[in-house]
Amino acid sequence: MIDSLFNELASLEQVEAIALGGSRSGENYDEKSDYDVYLYITAPISEDTRRAILEKYCGYMEIGNHYWEYEDNCVLKKGVDIDILYRDLDAFGEDVSSVVEKHEPRNGYTTCMWHNLITCKIICDKNGRLQKMKDRFSVPYPEELCKNIIERNTNLLYAAMPAYSLQIKKACSRLDRVSIVHRTAAFLESYFDVIFALNRLTHPGEKRLVPLCKQNCAVLPENFEENLNTLFYDMSANTDKISDDIDLIIEELKKITK
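Each value, and the rule that gives it
- Starting from 1, residues in each chain are numbered consecutively following that chain's sequence as written.
- Residues qualify for local features only when their pLDDT is at least 70, as the model is predicted, and side-chain atom pairs are given and counted only at 80 or more; totals for whole chains, interfaces and linings, by contrast, use all residues.
- Hydrogen atoms and water are omitted, and side-chain values are computed over all heavy atoms in the structure.
- Segments assigned H or I by DSSP are reported as helices when at least four residues long, segments assigned E as strands when at least two residues long, and all are numbered from the N terminus.
- Exposure is judged per residue with a 1.4 Å probe applied to protein chains only, and the accessible area is read against the type maximum: over 50% gives exposed, under 20% gives buried, and values in between give partly exposed.
- Positive charges are assigned to Lys and Arg, negative charges to Asp and Glu, while His and the chain termini are left out of the count.
- For this document, the term salt bridge refers to a Lys or Arg side-chain nitrogen within 4 Å of an Asp or Glu carboxyl oxygen.
- We call two residues in contact whenever any of their non-hydrogen atoms come within 4.5 Å of each other.
- Put simply, a nonpolar core is a bunch of buried Ala, Val, Leu, Ile, Met, Phe, Trp, Tyr and Cys residues held in one set by side-chain atoms that sit within 4.5 Å of each other.
- In this scheme Phe, Tyr and Trp rings, the latter by its six-membered ring, pair at centre separations within 6.5 Å, and the angle between planes marks the pair as stacked below 30 degrees, edge-to-face above 60, and tilted otherwise.
- Only when the NZ of Lys or the CZ of Arg is both within 6 Å of the ring centre and within 35 degrees of the ring normal is a charge said to sit over the ring.
- Of the grid points, spaced at 1 Å and generated over the protein atoms alone, those admitting a 1.4 Å probe that cannot get out make up cavities, while open sets with protein on both sides within 12 Å along at least five of seven lines make up pockets; any residue with an atom within 4 Å of a point is treated as lining.
- Grid points are joined across faces, edges and corners, and a volume is the space filled by probe spheres set on the points.
- Only Asp, Glu, Lys and Arg are considered charged, only Ala, Val, Leu, Ile, Met, Phe, Trp, Tyr, Cys and Pro nonpolar, and every remaining residue, Gly among them, polar.
- Pairing between strands is defined by DSSP: at least two bridges between the two strands are required.
- Between the N-to-C directions of two axes lies an angle of 0 to 180 degrees, each axis being a line fitted to C-alpha atoms and, for a helix, fitted only over the stretch in contact.

K.L.:
Quick question: what am I supposed to make of the side chain of Asp234 here?
P.N.:
On the secondary structure map, Asp234 appears in helix H10 (residues 224-237). As a buried residue without a salt bridge, Asp234 has its nearest oppositely charged side chain in Lys241, at a separation of 5.4 Å. In contact with Asp234, other than residues within four places in its own chain, are Thr239, Lys241, Ile242 and Asp245.

This is the structure in structure tokens:
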């Protein structure tokens, strides 16, 4: 069924390439794993056209969501989620280039789109441009990028005036739990960005980060998982200990970033 869907999508003249991302792009998936599908298009495809195709294969559809990227979020008739994202290949390439070739860091998740490109499974590539782009960016991790990610995100973690750690401590002093959760999430985005940069690994996204780090990172802070688990526990049970937890996580991170 999924092959038939891909064939119909590929037959559209606006579709230049189709790629699978996430677990489905590799071997670590099962029959319940979601499909992350990327359509690289040369012009918009009407919602009516997309709906007419997708309703043959999907039991539920949300067409034209634009909360992050422009996408259709659906559930296949066999009960598996499928997200179809619509991208301009040139714009996507420019975004990856800004990271890989221009070494521009972000506030967390810096290399996610690079990771998405080099790990995707190409399903259709009418003019070979997606494969050419994938080859272009299949390069060693740039040292300047590593340096820039660490500098920007350690500043955000603890060194700059608006550092997340300081914001978390202020939120703790006010017992502002919403702010604690919000700023801790941002803290963790930068924290993991630094860890993947230190290990010269592209950032795989927001899921299963602790086991992925333990599996793939040669360099990790001491008591990496234990310190994170303590923080998570204290966020729900011991607000007065969160500041100490953050300080310990930062202290161990500093030891491996010197």
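Moving on from the model shown.
K.L.:
Sorry if this is basic, but what is going on with the nonpolar core here?
P.N.:
Generally speaking, nonpolar side chains in soluble globular proteins are found buried as a group. Of all hydrophobic cores here, the largest spans 51 residues; its most connected members are Tyr40, Phe187, Tyr191, Phe192, Phe224, Leu228 and Ile242. When residues of this core are assigned to their parent elements, the largest contribution, 11 residues, is made by helix H8 (residues 177-198). In contact with Phe224, other than residues within four places in its own chain, are Tyr191, Phe192, Ile195, Val210, Cys213 and Lys214. Within the second largest apolar cluster, 26 residues are counted, among which are Leu5, Val37, Tyr57 and Cys124.

K.L.:
Quick question: what am I supposed to make of unusual backbone geometry here?
P.N.:
A negative phi angle characterises most non-glycine residues, just as the trans form characterises most peptide bonds. A positive phi angle is found at Leu175, which is not glycine, with a value near 55°. Here Leu175 shows up in the loop between helix H7 (164-173) and H8. A positive phi angle, close to 55°, is found at Arg208, a residue other than glycine. Tracing the chain through its elements places Arg208 in the loop between H8 and helix H9 (209-216).

K.L.:
Can you help me understand the pattern of salt bridges in this one?
P.N.:
A side chain with one charge may pair with a side chain of the opposite charge, provided their charged atoms come close. Under the definition given, this model contains 11 salt bridges. In this structure, Arg106 engages Asp95 in a salt bridge whose closest nitrogen and oxygen atoms are separated by 3.3 Å. Remark: Asp95 occurs in helix H3 (residues 89-100) and Arg106 occurs in the loop between H3 and helix H4 (112-119); sequence separation between them is 11 residues. Among the residues examined, Arg106 registers a relative accessible area of 27% and is labelled partly exposed. Among the ionic pairs, Glu225 bridges to Lys214, the shortest N-O distance being 2.5 Å. Here Lys214 lies in helix H9 and Glu225 lies in helix H10, a separation of 11 residues in the sequence. Each of Glu16, Asp90 and Arg129 takes part in a single network of salt bridges with overlapping partners.

K.L.:
Could you clarify how one ought to interpret the packing of aromatic side chains in this entry?
P.N.:
The way to describe two aromatic rings as a pair is by their centre distance and the angle between their planes. Tallying each qualifying case throughout the model produces 8 aromatic pairs. A centroid spacing of 5.6 Å and a plane angle of 55° characterise the contact between Tyr40 and Phe92, whose relative ring orientation is tilted. Of this pair, Tyr40 sits in strand S2 (residues 35-41) while Phe92 sits in helix H3, and the two are 52 residues apart along the sequence. When the centroid spacing of 5.5 Å and the interplanar angle of 80° are considered together, the rings of Tyr191 and Phe192 count as edge-to-face. An identical accessibility class is assigned to Tyr191 and Phe192; each is buried. Note that Arg50 overlies the ring of Tyr86, its terminal NZ or CZ placed 4.7 Å from the centroid.

K.L.:
How do you make sense of the layout of surface pockets when you look at a structure like this?
P.N.:
A water-sized probe rolled over the atoms picks out the places where empty space is left. Taken as a whole, the largest pocket encloses approximately 1800 Å³ of empty space. Taken together, 50 residues form the lining of the largest pocket, with Asp36, Tyr38, Pro204, Gly205 and Glu206 sitting closest to its centre. Secondary-structure elements contributing two or more residues to the lining of the largest pocket are S2, strand S4 (71-76), strand S5 (81-87), H3, H4, H8 and H9. With 7 residues, H4 is the largest single contributor of residues to the lining of the largest pocket. A breakdown of the residues in the lining of the largest pocket according to their chemical character gives 17 nonpolar, 19 polar and 14 charged. Volume-wise, the second largest pocket comes out at about 180 Å³. Tyr109, Ala185, Leu188, Glu189, Phe192, Glu206, Leu209, Val210 and Phe232 are the residues that line the second largest pocket. The residue makeup of the lining of the second largest pocket, split by class, is 7 nonpolar, no polar and 2 charged.

K.L.:
What should I look at first to understand the sheet that holds strand S6 (residues 121-125) in this one?
P.N.:
Each strand in a sheet pairs with another by means of backbone hydrogen bonds, the pair being arranged parallel or else antiparallel. An order of S3-S4-S5-S2-S1-S6 is seen for the 6 strands of this open sheet, with the pairing classed as mixed. Only two strands of the sheet have a single partner each, and these edge strands are strand S3 (58-65) and S6. The average undirected angle you get between the axes of adjacent strands in this sheet is 15°. The pairing of S4 with S5 spans 5 bridges and is classified as antiparallel.

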